[in-house]
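# Results of the structural survey
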Amino acid sequence: MSLSADRLARAYRNGFLPGSRRTVFRDLSLTIRPGETFGLMGNSGAGKSTLGRVIAGLEPPTAGRVCFHGRDTALMNRSEYRAFRRSVQVMFQDPSAAFNPKKTIGTSYMEVLDLIGTPRPAQKAVIAGILESVGLSGELLGRYPHQISGGQSQRLALGRILLLDPEYIVLDEPTSALDVSVQAQILHLLKELQSERGIGYLFISHDEAVVRFMASRVGRIEDGRLVIEGEA
Amino acid sequence: MNPVLEIDALSVTFCGKQAVHAVDRVSFSLGGGEILALVGETGCGKSVIAHAVMGLLPGEAQVSGRIVFKGRDLLALSERERSAMRGKDCAIVFQDPSRALNPVHRIGRQIAEPVLIHGAGSREEAHRRAAALLERMGLSPPGNYLPLYPCQSSGGMNQRFLIAASTILDPSLVIADEPTKGLDPGRVREVEDELVRLTGGGRTALLLITHDLAVARRIADRIAVMYAGEIVELAENDAFFDRPSHPYSRGLLQSLPEHGFVPIPGSSPSPVSPPPGCRFQARCRDGKAVCGGQHPDLVSAADGRMVRCWQCR
């Protein structure tokens, strides 16, 4: 039941010249198992976020395969692919950009539940349960994104992801925009949720101390290659 | 020696629908060659102090207290007098160089710009000073850097260019607002070295605003911790990091990686209606009855540090 990348490569077109391409990474393989955290490090521009996006299905790979439950995601039929996209979620760095500024948090939450077909009367209880697990009060649901702090919106973003009951979350610099004290709170919350729900994390950060605190296995992207520690 | 900057009971209130008390009776002074780090969480008022000193607060901000810069009370000056000072005697380095630099002008022109604005020299003279400054910063030959556009160099390099542009007129006071935010570790060190070099002559004072305690520890002489608009502890660097006194300072240090990311429970109080007693009381492990009732003052402790806490006396 793992999520894996098999000899993955991603290249972008470089400017308007035909044939000129910039390879972000190539021949990259890694496996994340349920309940496990894989820590991904690398300098700015090394391709960490691109890898996260490709694994979550937000961008297609140029070569190689992303496999979910052992199946190549490129060969999945419509309903399998939907299940894959729902089970693998991404949390981004900038908490203030995570929510639609024109909608209250409650509306944003309900939209997600509408999408997955939770009946309206049942939604309130589901949302209350999720808010409790991310440590927030229901009072926040009536607010707009600019009325909440960075730590709260990162908790809310996490809560919205949990509504979908994902198996894997790609955490792309989830605490880089936060203060040290709030960062510590979020890291502990992530660990707690992982042990309760058995979610697998791909934890992306340029902060080595944070990655080492969170992850059981650690890799670093250098010059387009993934070097996994302890594996030659 | 007279301090370069002396702030006395500075309060800033934003008057919108509700009055937001962003900064509440903050006092400190800063001497030439000294680096004072102002640390604390987002929203604690650090940047508001920086903007108050620079005179960059929006119109709805009510400022009281005194900001004495080289013997003159800045709050009593006209906008014209302040703008003559801004960028010349006192300068600010903003966070996020990709937004603070103009993307369509070359680096050389942007570094030289303050010289032209303050009429301190001709175009050639300005260009020559910009080149000399880059040379002093170890970016040589400057001819390689001056013609670049901001998009052609890294975030760390741009931050150093921004420091150059802010300091080309050799100001007595530099305020650096989160100068290392979002940079890779190697780049952070370069920016730190630049800031230390600035104050090396013993004339320029640096007010470093940061939430990165590791940066503060490496370069600051003194640390001022802010919480909910107030300074809660002000101490020498070593004393602060070896023996933090205020419970909030201790909590902050505990949440660092080297202490295992132990979080402080709860969150900061609302700046609209701060609690009457100690503002940290609701999150404090040592809180007692007196803490909730009466507001503690910032008082000197035995070793010369200042602490705002009933239990630390």
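Note: the structure precedes this text.
Scope of this entry: the structure provided in the associated data block. Sequence order sets the numbering: in each chain, residues are counted from 1 along the sequence as written. Both sets of labels track the order of writing: A upward for chains, 1 upward for ligands. The model is predicted, so local features are restricted to residues of pLDDT at least 70 and side-chain atom pairs to those at 80 or more, both for listing and for counting; the totals for chains, interfaces and linings are taken over all residues. To get the side-chain values, all heavy atoms of the structure are used, and hydrogens and water are removed first.

## Some details on the overall build of chain A
Numbering of helices and strands runs from the N terminus; a helix is a DSSP stretch of H or I covering at least four residues, while a strand is a stretch of E covering at least two. In terms of helices and strands, chain A carries 7 helices and 10 strands. In terms of overall dimensions, chain A has a C-alpha envelope of 50 × 40 × 40 Å along the principal axes. For each residue, the accessible area found with a 1.4 Å probe, counting protein chains only, is set against the maximum for its type, and the residue is called buried under 20%, exposed over 50%, and partly exposed in between. A buried classification covers 50% of the 232 residues belonging to chain A. Contact criterion: two residues are considered in contact whenever any of their non-hydrogen atoms come within 4.5 Å of each other. The contacts in chain A between residues at least 6 apart in sequence include a share of 71% that link residues at least 24 apart. For chain A, the accessible area works out to roughly 11000 Å², and carbon and sulfur atoms hold 50% of it. The charge count treats Lys and Arg as positive and Asp and Glu as negative. His and the chain ends do not count. Each charge is placed at NZ for Lys, CZ for Arg, CG for Asp and CD for Glu. Where the 28 positive side-chain charges of chain A centre and where its 24 negative ones centre are 7 Å apart. Accessible surface area values rest on a Shrake-Rupley calculation with a 1.4 Å probe, where residue burial reflects the displayed protein chains alone.

## Some words on the pairing of strand 3 (residues 37-41) of chain A
All names here are of chain A. With 5 of 5 residues buried, strand 3 is to be regarded as a mostly interior element. Alternating residues of strand 3 divide into T37, G39 and M41 and F38 and L40, and every residue in both groups is buried. As paired elements, strand 3 and strand 8 (residues 200-204) share 4 bridges and run parallel to each other. Note that in strand 8 the partner of L40 across the bridge is I204. Whether two strands pair comes down to DSSP finding at least two bridges between them.

## Concerning the packing of aromatic side chains
For any pair of aromatic rings, geometry is given as the distance between the ring centres together with the angle between the planes. Residue and element names in this part refer to chain A. To pair, rings of Phe, Tyr and Trp, with the six-membered ring standing in for Trp, must have centres within 6.5 Å; the planes then decide the type, stacked if under 30 degrees apart, edge-to-face if over 60, and tilted in the middle. Following the criterion strictly, the structure yields 9 aromatic pairs over all chains and no others. Look at F68 and Y168: their rings are 6.3 Å apart centre to centre, the planes differ by 80°, and that puts the pair in the edge-to-face class. One end of the pair, F68, is in strand 4 (residues 63-68); the other, Y168, is in strand 7 (residues 168-172), with 100 residues separating them in the sequence. Just as F68 is buried, Y168 falls in that class too. Here the aromatic residues F68, Y81, F84 and Y168 are joined through ring pairs into a cluster of three or more. Here, a charge over a ring means that NZ of Lys or CZ of Arg falls within 6 Å of the ring centre while also lying within 35 degrees of the ring normal. Lying over the aromatic face of F99, R160 brings its terminal NZ or CZ to 4.2 Å of the ring centre. When the ring centre of F213 is taken as origin, the NZ or CZ atom of K191, which lies over that ring, is 4.1 Å away.

## Points about the sheet that holds strand 4 (residues 61-69) of chain B
Where strands meet in a sheet, backbone hydrogen bonds hold them as pairs that are either parallel or antiparallel. All names here are of chain B. Pairing is antiparallel across the open sheet formed by 4 strands, whose spatial order is 2-1-4-5. Taken across any chain shown, the strands that pair with only one partner, and hence form the sheet edges, are strand 2 (19-30) and strand 5 (72-73). Against the sheet, helix 1 (residues 46-54) contacts strand 1 (5-15), strand 2 and strand 4, and its axis sits at roughly 110° relative to strand 1. A fitted line through C-alpha atoms serves as each axis, taken over the contacting stretch for helices, and the angle formed by two N-to-C directions is quoted from 0 to 180°.

## Looking at the packing of helix 5 (residues 150-162) of chain A against helix 6 (residues 180-197) of chain A
All names here are of chain A. For the pair helix 5 and helix 6, the least separation of the axes is 10 Å and the interaxial angle reads 15°. When the interaxial angle is binned, helix 5 and helix 6 end up roughly parallel. The two elements helix 5 and helix 6 cross, and the hand of that crossing is right-handed. Contact with helix 5, carried on its side by G151, Q154, R155, L158 and L162, involves V182, Q185, I186, L189, L190, L193 and R197 of helix 6 and no other residues of that element. Residues are grouped as follows: nonpolar covers Ala, Val, Leu, Ile, Met, Phe, Trp, Tyr, Cys and Pro; charged covers Asp, Glu, Lys and Arg; every other residue, Gly included, is treated as polar. Partitioning the contact of helix 5 with helix 6 into residue classes produces 7 nonpolar, 3 polar and 2 charged. Angle categories are assigned with fixed cut-offs, so that under 35 degrees is roughly parallel, over 145 is roughly antiparallel, 65 to 115 is roughly perpendicular, and the rest are oblique. Helix crossings get a hand from a simple test, with the near helix turned counterclockwise from the far one by less than a right angle marking a left-handed crossing and a clockwise turn marking a right-handed one.

## Section: the nonpolar core
Buried residues of nine kinds, namely Ala, Val, Leu, Ile, Met, Phe, Trp, Tyr and Cys, make up a nonpolar core once their side-chain atoms join them within 4.5 Å. Residues B:I111, B:L195 and B:I223 are the most contacted members of the largest nonpolar core, which totals 57 residues. If one sorts the elements of this core by residue count, helix 6 (residues 155-167) of chain B sits on top with 6 residues. Excluding its chain neighbours within four sequence positions, the residues that come into contact with B:I223 are B:L36, B:A37, B:V39, B:A216, B:E233, B:L234, B:A235, B:N237, B:F240 and B:F241. Listed in part, the 40 residues of the second largest apolar core include A:I127, A:L140, A:I161 and A:I186.

## Quick word on the sheet that holds strand 8 of chain A
All names here are of chain A. Pairing in this open sheet of 6 strands is mixed, and the strands run 6-7-8-3-9-10 from one edge to the other. Of all the strands in the sheet, just strand 6 (88-91) and strand 10 (225-228) have a single pairing partner and so form its edges. Direction aside, neighbouring strands of the sheet carry axes that sit 20° apart on average. Those strands touched by helix 1 (residues 48-55) are strand 3, strand 6, strand 7, strand 8 and strand 9 (217-222), and its axis lies near 155° from that of strand 8. Contacts between helix 6 and the sheet are confined to strand 3, strand 7 and strand 8, with strand 8 contributing the most and set at about 155° to the helix.

## Description of a negative patch on the surface
Patch construction takes residues with relative accessible area above 30% that form no salt bridge. Like charges are linked within 9 Å, and nonpolar side chains (Val, Leu, Ile, Met, Phe, Trp, Tyr) are linked within 5 Å. For this analysis, a salt bridge means a side-chain nitrogen from Lys or Arg found within 4 Å of a carboxyl oxygen belonging to Asp or Glu. On the surface, a cluster of negative charge is made up of B:D221, B:E236, B:D238 and B:D242. Assignment of secondary structure puts B:D242 in helix 9 (residues 237-242).

## Regarding the interface of chain B and chain A
Contact with chain B, which involves 20 residues of that partner, is made by 16 residues of chain A. Approximately 1400 Å² of surface area, both sides summed, lies buried where chain B meets chain A, with 56% of it carried by carbon and sulfur atoms. Taken together, chain B and chain A are joined by 0 salt bridges. Each polar contact in these results corresponds to two N or O atoms within 3.5 Å; when the atoms are within protein, one needs to be able to donate a hydrogen and the other to accept it, and residues that are neighboring in sequence are counted only if both atoms are side-chain atoms. The tally of links from chain B across to chain A stands at 5 residue pairs in polar contact (both at pLDDT 80 or more). Buried area is a sum: the accessible area each of two parts loses on coming together, probed at 1.4 Å, counted once for each and added.

## Regarding helix 6 of chain A
A turn of α-helix holds 3.6 residues, and therefore any two residues three or four places apart point the same way. All names here are of chain A. In a helix, the anticipated span is given by 1.5 Å times the number of residues less one. End to end, helix 6 covers 26 Å across 18 residues, agreeing with the expected 26 Å (1.5 Å per residue, within 8%). Taken as a whole, helix 6 has its buried residues at V180, S181, V182, Q183, A184, Q185, I186, L187, L189, L190, L193 and Q194. After helix 6 finishes, the residue G198 shows a positive phi value of roughly 65°.

## A closer look at the pattern of salt bridges
Under the counting rule described, the total for this entry stands at 35 salt bridges over all chains. A salt bridge links A:R10 to A:E59, with the shortest nitrogen-to-oxygen separation between them at 3.0 Å. Of this pair, A:R10 sits in strand 1 (residues 3-13) while A:E59 sits in the loop between helix 1 and strand 4; the two residues are 49 residues apart in sequence, bridging distant segments of the chain. We note that A:R10, like A:E59, is buried. Ionic pairing is found between B:R203 and B:D170, a salt bridge with its closest N-O pair at 3.6 Å. With B:R203 in the loop between helix 7 (185-199) and strand 8 (205-210) and B:D170 in the loop between helix 6 and strand 7 (173-177), this pair connects stretches of sequence that are 33 residues apart. Owing to a relative accessible area of 40%, B:R203 belongs among the partly exposed residues under this scheme. Look at the salt bridges and you will find they share partners, linking A:E208, A:R212, A:R220, A:E222 and A:E229 into a network.

## Quick notes on the environment of A:I186
Residues and elements named next belong to chain A. As for its placement among the helices and strands, I186 is situated in helix 6. Look at I186 and you get buried, because its relative accessible area is 1%. The sequence separation of I186 and V134 amounts to 52 residues, and the corresponding C-alpha distance is 9.1 Å. When sequence neighbours within four positions are dropped, the list of residues in contact with I186 reads G151, Q154, R155, T175 and L178.

Just geometry here; none of it tells us what the structure is for.
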